[in-house]
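Fold and geometry: a report
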Amino acid sequence: MSKQRSMRTPLARVRYLGSAKSGTKHFWHQRVSAVALIPLTIAFVLIVAGLIGRNHAATAQILGSPFVSIVMMLFVISSTYHMWLGMQVIIEDYIHSESKLTWLILNTFFCFTIALCCIYAILKLSFGV
Amino acid sequence: MADLKPSPASLRPLSPHLQIYKPMLTMMMSIVHRITGAALYFGTLLLAWWLLAAASGPTAYGKFQWAMESLVGQLVLFGYTWALIHHMLGGIRHLIWDTGRGFGPVEREWLALANLIGSIGLTLLLWIVGLLVTGGAS
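First, a word on scope: everything that follows refers to the structure included in this document. Sequence positions are assigned chain by chain, starting from 1 and proceeding in written order. For naming, the first written chain is A and the first written ligand is 1, with later ones following in the order written. Whole-chain, interface and lining totals are the exception, using all residues; otherwise, since this is a predicted model, local features are given only for residues with pLDDT of at least 70 and side-chain atom pairs are given and counted only at 80 or more. No hydrogens and no water enter the side-chain calculation; it runs on all heavy atoms of the structure.

1. With respect to the overall build of chain B
By the criteria applied, helices consist of DSSP H or I runs no shorter than four residues and strands consist of E runs no shorter than two, each listed in order from the N terminus. When helices and strands are tallied, chain B shows five helices and zero strands. When the helices and strands of chain B are read in sequence order from the N terminus, they spell out α-α-α-α-α. Exposed residues in this analysis have more than 50% of their type's maximum accessible area, buried residues have under 20%, and partly exposed residues fall in between, with area computed by a 1.4 Å probe over protein chains only. Sorting the 138 residues of chain B into buried and exposed places 34% on the buried side. Considering only contacts in chain B between residues 6 or more positions apart, those separated by 24 or more positions represent 69%. We get accessible surface area from the Shrake-Rupley algorithm with a probe of 1.4 Å; when it comes to residues, only the shown protein chains can shield them. Put simply, chain B shows about 8,900 Å² of open surface, and 74% of that area lies on carbon and sulfur atoms. Throughout, a residue-residue contact means that at least one pair of heavy atoms, one from each residue, lies within 4.5 Å.

Put into structure tokens, the structure is as follows:
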């Protein structure tokens, strides 16, 4: 095998999953959410297409029906998680100053807020409060 | 890094970047994939507005519908449709690449072209069907 240049053993290197401390988790979660989003995006586009031209009462009723609600919530969860990971990469690629941390935090706040707004609205439509 | 004063040595170009290379289809498609992703990120504001308006009541939903039926709203929605489909097809292309397939000189060009033609074609198809079904008054 290759010559060992460090006093650290190979086990010690992998034990804490590299400098990012998370190993391939980010890469993998981006892929898993991407795979989930293929059928969910198609379903989302079909749901929106079916709602074009309908008034508020009909839209609220359809969006609040169990199947549509669940598909919409799955779409919202997958896409906000996927875009959280994606924007993190964009920020890390282009921002190298100390403000990077601020932008990363703002990214987290934005994605969680959007996710919560959407889920709250869908649940409110479902339970009709 | 930020504290270092620029010396003549540090002002020299470190590595070739975008302006050095001839623009190629796969390169442009990579850039567009990131741009559409960023656009969809902020596009979720529209999704949240739509769902919250529907949950709020007829008045709030009427305002949303009015905005989306305006010329600007329709243009934004058309762009949103294309960005969503383009990013999804681009994602499928990346997932194919993740398996190690499709890197050949012919395949990668073909995949990039199929992505572009597919996204434009599907967007136009969706909008033409949508406009026909609703009689133009979406």
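2. Considerations on the overall build of chain A
Looking only at helices and strands, chain A has five helices and zero strands in total. For chain A, the N- to C-terminal ordering of α and β elements is α-α-α-α-α. Burial status across chain A gives 33% buried among its 129 residues.

3. Remarks on the interface of chain A and chain B
Between chain A and chain B, the residue contacts involve 39 residues of the former and 27 residues of the latter. Using a 1.4 Å probe, buried area is obtained as the accessible area two parts lose upon being combined, added over both of them. Contact between chain A and chain B buries roughly 2,800 Å² in total, counting both sides, with carbon and sulfur atoms accounting for 79%. Three residues, Ile38, His56 and Phe110 of chain A, lead the burial of chain A against chain B; their summed loss comes to 19% of the area buried on that side. Salt-bridge detection follows one rule: a side-chain nitrogen of Lys or Arg within 4 Å of a carboxyl oxygen of Asp or Glu. Applying the counting rule to chain A against chain B returns two salt bridges. Here Asp93 of chain A ties to Arg34 of chain B by a salt bridge, and the two come within 2.8 Å at their closest N and O atoms. Under the rule applied, a polar contact is a pair of N or O atoms within 3.5 Å (in protein, one hydrogen donor and one hydrogen acceptor; residues adjacent in sequence only if both atoms are side-chain atoms). Counting the contacts that link chain A with chain B gives seven residue pairs in polar contact (both at pLDDT 80 or more). Breaking the side of chain A that touches chain B down by element, the ones donating at least two residues are α2 (25-51), α3 (56-63), α4 (66-94) and α5 (100-127) of chain A. Sorting elements by how many residues they give to the side of chain A that touches chain B places α5 of chain A first, with eleven residues. Here the residues of the side of chain A that touches chain B are counted per class, giving 28 nonpolar, seven polar and four charged. Each residue gets one of three labels, nonpolar for Ala, Val, Leu, Ile, Met, Phe, Trp, Tyr, Cys and Pro, charged for Asp, Glu, Lys and Arg, and polar for the others, Gly among them.

4. Some words on helix α4 (residues 71-98) of chain B
By definition here, a helix of n residues has an expected span of 1.5 Å times n minus one. Helix length check: α4 of chain B (28 residues) gives 40 Å between terminal C-alpha atoms against 40 Å at 1.5 Å per residue, within 8%. Within two residues after α4 of chain B, Gly100 of chain B carries a phi angle of roughly 90 degrees, on the positive side.

5. Concerning the side chain of Ser119 of chain B
Residue and element names in this part refer to chain B. Position of Ser119 among the secondary structure elements: in helix α5 (residues 105-134). A polar contact of 3.0 Å, which involves the side chain of Ser119, links it to the side chain of His86. Look past the residues within four positions of Ser119 in its chain and what remains in contact with it is Trp82, Ile85, His86 and Leu89.

6. Overview of a nonpolar patch on the surface
Each patch is built from residues lacking any salt bridge and having more than 30% relative accessible area; the joining distance is 9 Å for like charges and 5 Å for nonpolar side chains (Val, Leu, Ile, Met, Phe, Trp, Tyr). Side chains of Leu101, Trp103, Ile105, Leu106 and Phe109 of chain A sit close together on the surface and give an oily, nonpolar patch of about 530 Å² of accessible area. Relative to the assigned elements, Leu106 of chain A resides in helix α5.

7. Examining the packing of aromatic side chains
Residue and element names in this part refer to chain A. Only rings of Phe, Tyr and Trp enter the pairing, Trp through its six-membered ring, and a pair is recorded when the two centres are within 6.5 Å. The plane angle decides the type: under 30 degrees is stacked, over 60 is edge-to-face, the rest tilted. Taken as a whole and assessed by the stated rule, the structure comprises ten aromatic pairs over all chains. The interplanar angle of 90 degrees and the centroid separation of 5.2 Å between the aromatic rings of Trp84 and Phe112 together place this pair among those described as edge-to-face. You can see Trp84 sitting in helix α4 and its partner Phe112 sitting in helix α5, a full 28 residues away along the chain. With relative accessibility at 25%, the residue Trp84 sits in the partly exposed group. Classification of Phe112 by relative accessible area gives exposed; the value is 51%.

8. So, the packing of α5 of chain A against helix α2 (residues 25-56) of chain B
Every axis in this analysis is a line fitted to C-alpha atoms, fitted for helices over the stretch in contact. Angles between the N-to-C directions lie between 0 and 180 degrees. Remark: α5 of chain A packs on α2 of chain B, axes separated minimally by 8 Å, with the N-to-C direction vectors making an angle of 25 degrees. As judged from the angle between their axes, α5 of chain A and α2 of chain B are roughly parallel. The crossing of α5 of chain A and α2 of chain B is left-handed. Between α5 of chain A, through Asn107, Phe110, Cys111, Ile114, Cys117, Cys118, Tyr120, Ala121, Ile122, Lys124 and Leu125 of chain A, and α2 of chain B, the contact on the second element is made entirely by Tyr41, Phe42, Thr44, Leu45, Leu47, Ala48, Leu51, Leu52, Ala54 and Ala55 of chain B. Looking at the contact of α5 of chain A with α2 of chain B residue by residue, the classes come out as 18 nonpolar, two polar and one charged. Orientation labels follow simple angle bins: below 35 degrees gives roughly parallel, above 145 gives roughly antiparallel, 65 to 115 gives roughly perpendicular, and whatever is left gives oblique. Should the near helix be turned counterclockwise from the far one by less than a right angle, the crossing is left-handed, whereas a clockwise turn marks it as right-handed.

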